[in-house]
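Descriptive structure summary
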Amino acid sequence: MKHYEVEILDAKTREKLCFLDKKLPVGTTATLYFRDLGAQISWVTVFLTEYAGPLFIYLLFYFRVPFIYGHKYDFTSSRHTVVHLACTCHSL
């Protein structure tokens with residue numbers, strides 16, 4: 001196995017951030033560029049957005065809005081208790 005060197009540089013300033021001496025299966029020198037992506041949205045925002053969409057879509061079908069079911073069945077309630085139980089379980 002050969003000895004290889006890895007440099008990690010800042011993408012903007014080309015300043016050396018780190019230097020590694022390891023046995024790696026690459027050419028004689030590998031250069032990695034580190035780029036700061038700036039401000040990111042938090043994981044809480046991603047989590048809430050990810051789970052609010054399916055909840056909202058399910059409730060559209062549960063409340064039987066007119067543009068999905070037509071005006072004949074708009075905002076009518078189902079007679080089956082399993083439908084209400086499913087909505088409660090899905091929402092909680």
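Thresholds, definitions, all that
- Sequence order sets the numbering: in each chain, residues are counted from 1 along the sequence as written.
- Given that this is a predicted model, residues contribute local features only at a pLDDT of at least 70 and side-chain atom pairs are listed and counted only at 80 or more, while totals for whole chains, interfaces and linings are drawn from all residues.
- By convention in this description, side-chain values take in all heavy atoms of the structure and omit both hydrogens and water.
- Each axis is a line fitted through C-alpha atoms, and for a helix only the stretch in contact is used; angles between axes span 0 to 180 degrees, taken between their N-to-C directions.
- Counting from the N terminus, the helices are the DSSP runs of H or I reaching at least four residues and the strands are the DSSP runs of E reaching at least two.
- If an angle is under 35 degrees, it is roughly parallel; if it is over 145, roughly antiparallel; if it lies from 65 to 115, roughly perpendicular; otherwise it is oblique.
- Handedness of a crossing follows from how the near helix is turned relative to the far one, being left-handed for an anticlockwise turn of less than a right angle and right-handed for a clockwise one.
- Whether two residues touch is decided by their heavy atoms; if any such pair falls within 4.5 Å, the residues are in contact.
- Think of it as three bins: nonpolar holds Ala, Val, Leu, Ile, Met, Phe, Trp, Tyr, Cys and Pro, charged holds Asp, Glu, Lys and Arg, and polar takes everything else, Gly as well.
- For each residue, the accessible area found with a 1.4 Å probe, counting protein chains only, is set against the maximum for its type, and the residue is called buried under 20%, exposed over 50%, and partly exposed in between.

To continue, consider the packing of helix H1 (residues 43-62) against helix H3 (residues 81-91). Think of two packed helices as two axes; the pair is described by the angle between the axes and how far apart they sit. Interhelical geometry of H1 versus H3 gives an angle of 165° and a closest axis separation of 10 Å. On the basis of the axis angle, H1 is roughly antiparallel to H3. Of the two elements, H1 crosses H3, and the hand of that crossing is left-handed. Contacts between H1 and H3 pair Pro54, Leu55, Tyr58, Leu59 and Tyr62 from the former with Val83, His84, Ala86, Cys87, His90 and Ser91 from the latter. Tallied by class, residues from the contact of H1 with H3 come to eight nonpolar, three polar and no charged.

Although it is not a glycine, Arg14 adopts a positive phi angle of roughly 60°. Tracing the backbone shows Arg14 in the loop between strand E1 (4-10) and strand E2 (16-22). We classify Arg14 as exposed; its relative accessible area is 52%.

Keep in mind these values describe shape, not function.
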